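Residue-level structure breakdown
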Amino acid sequence: MCQYKLSSPKDGMHSVMNGRWTLVPSWHSRLTSMSKILAVLPCLVIGVLQAADPSLTTFAKQHLTPQFMSEGATFGDFNRDGKQDVVSGPFWYAGPTFTDKFPIYSAIVYDPKNYSANFLAFAYDVNHDHFDDVVVFGFPGKEVLWYQNSGTDQLWTKHAILDIADNESPTWIDMTGDGKPEVVCTRRGYIGYAQADWDNPTKPWTWHNISAKGGWHKFTHGLGVGDVNGDGRLDILMREGWWEQPTMLAGDPEWVFHTSDFGSGGAQMLVYDVDGDGRNDVITSLSAHEWGLAWYQQQANGSFVRQLIMGKEKTDSPYGVRFSQLHAMALSDIDGDGLQDIVTGKRYWAHGPKGDPEPNEPAVLYWFRLTRTAAGVHYVPMKIDDDSGVGTQLTVGDLNGDKRPDIIVGNKKGTFVFLHQTKPVSFAEWEAAQPKSTR
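Just so we're clear, the structure is a prediction, and the values are computed from it rather than from any experiment.

In terms of regular secondary structure, the protein chain is built from one helix and 29 strands. Of all 439 residues assigned to the protein chain, the portion counted as buried reaches 56%. Pairs at least 24 apart in sequence give 52% of the contacts found in the protein chain among residues at least 6 apart. Surface summary for the protein chain: the accessible area is close to 17200 Å², and the carbon and sulfur share equals 50%.

Quick look at the structure:
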């Protein structure tokens, strides 16, 4: 297994190493321009020049459990010790080592040929007692629950948020701008959000429709939240377009729908100004169970033009990279250059060992480095691992307090932590890792 990162002869190249490390080069200097973008070999990654001596950024892989108990995982401080802990399925794992685990609810180990009752998890202090609780989205079409932190090694108390949450990529975000998170999903054919009574969050939450009734069901794919039109309010995206949040939410007005073709239904749909032109773009997998990764460039008139990053054929990528079933995605500035990179991978056995295209190919985890040049936008694929992949959620954040993004995955191969690290290398090692395009 190998990985690197690079972007010009003086831009952060790194060498290849085998084993459990994924290598991503970075430089530390004050150079402000790049002479050219170098091509990348399949196991290489592009990085930016930042100093006189190069360094490798590595991801140390930690396999917390091989048991399949959830398709998502996240982190929070569950014992109030100031250290981030990992939660995946029925257990939380105490940081910083993640070797000691504690129960949240009664554990069920699932057959990876089937499905779990835990598709996504989020950490939040729901009842304001200064302990992080855990919000769990169950199997699509089932309920959303929050588990109240017991502060002990006893099982946590379960509370209902919503009886039904449809869509395979629902989310937990401050939709209304009140500083508190809401549940965003589809439900009984409508798009909308559920809002708590924060004086008594143990009560079922109030549902708000934002759309006319449509054909969305529990297995609908693709959903995102972001400020598409730059008015300071968060909008909701689905594969067929986006719904514009109005200036006032009182009375549950129907939001204005803007049609756009964002693929056949991916996973988390991400909103970000990819090309730096001041207009937010949309990043999405094109089909959660097939092929394709793209960003949709917003035009001056509000329409979108698809820019393919990776498709079904190796020739669709300048680096010959292809994998199917991109069922979880996130944005994070992995290399510290100020630009948001894409983190995604292959969902392992989404429909078992015989379902979907290439279900038994390596369960890869990648980040795609965003590079802006005079010639346009360029995404460079950087392999993190080939025996983990993603579930229906992946989480990126600083687990160990070093101000670098780490990655948490829960899926049918178990639970994984990838800790972001750096190490110095020689210029010769850096030079050897300069990537080349397959085109």
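Before going further, it helps to examine the sheet that holds strand β13 (residues 190–195). Ordered by their spatial adjacency, four strands build an open sheet running β11-β12-β13-β14, and the pairing between neighbours is antiparallel. Strands at the two margins of the open sheet, each flanked by one partner only, are β11 (166–173) and β14 (206–209). The sheet shows a mean angle of 25° between the axes of neighbouring strands, taken without regard to direction. Where strand β12 (residues 182–187) lies against β13, five bridges are found, and the strand directions are antiparallel. Looking at the pairing, Val184 lines up with Tyr193 of β13.

Among the nonpolar cores identified, the biggest contains 21 residues, and Ile283, Phe323, Phe368 and Tyr379 are the most heavily contacted of them. Counting residues per element, this core draws most heavily on strand β25 (residues 365–373), at three residues. In this view, Ile283 contacts Gln268, Met269, Leu270, Tyr272, Val274, Ala294, Trp295, Met329, Leu331, Ile342 and Tyr379; residues no more than four positions away in its chain are not counted. Listed in part, the 19 residues of the second largest apolar core include Val126, Ile161, Ala194 and Trp205.

So, about the pattern of salt bridges. Tallied over the entire structure, the rule returns twelve salt bridges. A salt bridge links Arg404 to Asp402; the shortest N-O distance between them is 3.5 Å. Classification of Arg404 by relative accessible area gives partly exposed; the value is 30%. Through salt bridges with shared partners, a single network forms among Asp163, Arg187 and Arg188.

Going through the model one piece at a time under the given rule, you end up with 21 aromatic pairs. Following the ring pairs from residue to residue traces out a cluster consisting of Phe78, Trp92, Phe102 and Trp156. The side chain of Arg80 reaches across the aromatic face of Phe131, ending 5.0 Å from its centre. The ring centre of Phe91 lies 4.3 Å from the NZ or CZ of Lys101, which sits over that ring.

This brings us to the confidence of the model for the protein chain. When pLDDT is averaged along the protein chain, the result is 88, and 87% of the positions lie at 70 or above. Contacts from residues 1–51, a stretch scored under 50 in pLDDT, to residues over four places away or in other chains number 223 contacts.

Bringing the environment of Leu331 into the picture now. Residue position: Leu331 is located in strand β23 (residues 329–332). You can call Leu331 partly exposed: its relative accessible area is 23%. Considering only alpha carbons, one finds Leu331 and Thr395, 64 residues apart in sequence, at a separation of 9.3 Å.

Sheet analysis places strand β16 (residues 235–238) next to strand β17 (residues 241–244), joined by three bridges and oriented antiparallel. Across the sheet, Met238 pairs through a bridge with Gly241, a residue of β17. In sequence, β16 turns back onto β17 through a hairpin of two residues. Summarising the sheet, β17 and strand β18 (residues 256–259) pair through four bridges and their orientation is antiparallel. When the bridges of β18 are listed, Trp243 appears paired with Phe257.

Reading guide: rules and limits
- Residues numbered from 1 in each chain as written.
- Predicted model: local features only at pLDDT ≥ 70, side-chain atom pairs only at ≥ 80, totals over all residues.
- Heavy atoms only, no water.
- Helix = DSSP H or I, 4+ residues; strand = E, 2+ residues; numbered from the N terminus.
- Buried < 20%, exposed > 50% of the residue type's maximum accessible area, 1.4 Å probe, protein only.
- Contact = heavy atoms within 4.5 Å.
- Areas by Shrake-Rupley, 256 points an atom, 1.4 Å probe, with all protein chains shown as cover.
- Pairing = 2+ DSSP bridges.
- Axes fitted to C-alpha atoms, helices over the stretch in contact; angles between N-to-C directions.
- Core = buried A, V, L, I, M, F, W, Y, C linked by side-chain atoms within 4.5 Å.
- Salt bridge = Lys/Arg side-chain N within 4 Å of Asp/Glu carboxyl O.
- Phe/Tyr/Trp six-rings, centres within 6.5 Å; stacked < 30°, edge-to-face > 60°.
- Lys NZ or Arg CZ within 6 Å of the ring centre and 35° of its normal.
- pLDDT = per-residue confidence, 0-100.

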